[in-house]
Amino acid sequence: VGAPFTPIRLIPDEATIVILDQTALPAREEYARLSSVRAVCEAIRALRVRGAPLLGIAGACGMAIAASDDSHDVSLRRAAADLAATRPTAVELGAAVEAALGAALAIEPAGRAALLWQAASAMLDARRAGDARIGKAGAGLVPHGSAVLTHCNTGALATGGAGTAFAVIRCAWEEGRLTRCYATETRPLMQGARLTTWELLRCGIPATLLPDTAAAALIASGGVQVVITGADRIAANGDTANKVGTLGLALAAQRFTVPFYVAAPHSTFDPRTADGSAIPIEHRAAAEVGGFEGQRWAPEGVEAFNPAFDVTPASLITAFITDRGIILPPYAQGIASLLDER
Ligand code: MRU
């Protein structure tokens, strides 16, 4: 069982954050100091820091860094626009940046940096508490003796707390319900192969890695009793954007009557997005599909279809596991009351 690690650390006195550089894992545990908005934007775009809830915290920290440098309106507005434009799909990033900007503009410039550092730190504390509640709420949905399939990375690396789907898996393991966790590679950037298996092994959870293309066969053969993923944005009707490949898992799970759960904090639900068709989907560079880490396997010049996310219709989701409890269909109503809670 590995030593605890810190995916993000705030150092307000130095107007700096330190992130665990997720592009170097699992080969190297390298930490990077980020002290400018430009550096935070680069780290987000390159997926050095990633995962929907952690992106929210990184965005809030980026605004605090901006205010420490220059707390005037123009500079903060520019920082907010730059940070929000880095990755469009995860709702937490844009929402956290917008909230920080609003809070800062409501007070005099002199107090803004302190306020934003305090808010970012409170957000991280709230995340840790929220993730623990997701884990507890979801573990009971995993029948004793189950193997679980998950996709992408939803652990501490993705949230700063215990994770979302990963927190459920970990709690189910600690409660003696789980026999094994299957983790997809998650092409093309391998968050499952590089990050989820690393986190599973550190927690001592029996782990099996599979190519994304083997997931339907695993589900069809009865090899898993539960499929559980995280989410990057959940629309008001329950349609859910998550790492590309999630839709295929949900379809296979429905066809072979395996429950498909989505675990996410309430901050991932976006009441301003009516349904999945309105969720902005990030498309990434063709080079990510044509090769990996400098090794090229496709011929130069070929075009690629490389969406980072897909949308799973609400009708394929058995339940949402949130930091405010479980939501069952009909989702529009359940999501509205979840977001009404103070
Ligand atoms: O592109 P990424 O690695 O930021 O995508 C992350 C995911 O899709 C996760 O599954 C999602 O953020 C759920 S998070 C806890």
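The model shown is predicted, which means the values in this text are computed figures rather than measured ones. (Residues numbered from 1 in each chain as written. Predicted model: local features only at pLDDT ≥ 70, side-chain atom pairs only at ≥ 80, totals over all residues. Heavy atoms only, no water.)

Within helix 7 (residues 165-174), seven of the 10 residues are buried, leaving the element largely enclosed by the surrounding structure. Restricting attention to buried positions, one finds in helix 7 the residues Ala165, Phe166, Ala167, Val168, Ile169, Cys171 and Ala172. (Buried < 20%, exposed > 50% of the residue type's maximum accessible area, 1.4 Å probe, protein only. Helix = DSSP H or I, 4+ residues; strand = E, 2+ residues; numbered from the N terminus.)

Here the focus is the site of the ligand. As a structural note, the neighbourhood of the ligand is formed by 19 residues, with Arg50, Ala52, Arg87, Asp232 and Lys243 the closest of them. Within the backbone of alanine 52, an N or O atom sits 2.9 Å from an oxygen atom of the ligand. Here an oxygen atom of the ligand sits 3.0 Å away from a polar atom, N or O, in the side chain of asparagine 242. Contact with the protein chains removes 100% of the 410 Å² of surface that the ligand exposes when unbound. (Near = heavy atom within 4 Å. Polar contact = N/O pair within 3.5 Å; in protein donor to acceptor, adjacent residues only side chain to side chain. Areas by Shrake-Rupley, 256 points an atom, 1.4 Å probe, with all protein chains shown as cover.)

Taken together, the seven strands give an open sheet; going across it, the order is 6-5-4-7-10-15-16, and neighbouring strands pair in mixed fashion. With partners counted over all chains shown, the strands left at the sheet margins are strand 6 (207-210) and strand 16 (325-327), one partner each. On average, adjacent strands in this sheet sit at an angle of 25° to one another, irrespective of strand direction. Relative to strand 10 (residues 260-263), strand 7 (residues 226-229) runs parallel, the two sharing three bridges. Bridge pairing in strand 10 links threonine 229 to valine 262. (Pairing = 2+ DSSP bridges. Axes fitted to C-alpha atoms, helices over the stretch in contact; angles between N-to-C directions.)

This part takes up the sheet that holds strand 3 (residues 31-34). Across a sheet, strands are paired by hydrogen bonds formed along the backbone, either parallel or antiparallel in direction. Spatially, 1-2-3 is the arrangement adopted by the three strands of the open sheet, whose pairing is antiparallel. Unpaired on one side and paired on the other, strand 1 (8-11) and strand 3 mark the two borders of the sheet. Sheet twist, expressed as the average angle between the axes of neighbouring strands with direction ignored, equals 20°. Of the pairings in the sheet, the one linking strand 2 (residues 16-20) to strand 3 comprises four bridges and is antiparallel in character.

Attention now moves to empty space enclosed by the protein. By the definition in use, this model includes two cavities of 30 Å³ or more. Approximately 180 Å³ is the volume found for the largest cavity. Along the walls of the largest cavity sit 20 residues, with Arg50, Gly51, Ala52, Asn153 and Asp232 positioned nearest its centre. Looking at the lining of the largest cavity, the elements with two or more residues in it are helix 2 (52-69), helix 6 (156-159) and strand 9 (240-243). A total of three residues in the lining of the largest cavity trace back to one element, the largest contributor, which is helix 2. Residue composition of the lining of the largest cavity, grouped by class: eight nonpolar, eight polar and four charged. Computed from the structure, the second largest cavity encloses a volume of approximately 60 Å³. If you trace the second largest cavity, you find it lined by Thr186, Arg187, Pro188, Leu189, Gln191, Lys243, Val244, Arg284, Glu288, Asn306, Pro307 and Ala308. For the lining of the second largest cavity, the residue count by class is five nonpolar, three polar and four charged. (1 Å grid on protein atoms, 1.4 Å probe; cavity = no way out; pocket = protein on both sides within 12 Å on 5 of 7 lines; lining within 4 Å. Points joined across faces, edges and corners; volume = space filled by probe spheres on them. Nonpolar A, V, L, I, M, F, W, Y, C, P; charged D, E, K, R; others polar.)

In this section: the pattern of salt bridges. On inspection of all chains with the given rule, the structure shows 16 salt bridges. The network of salt bridges with common partners includes Arg87, Glu282, Arg284 and Glu288. (Salt bridge = Lys/Arg side-chain N within 4 Å of Asp/Glu carboxyl O.)

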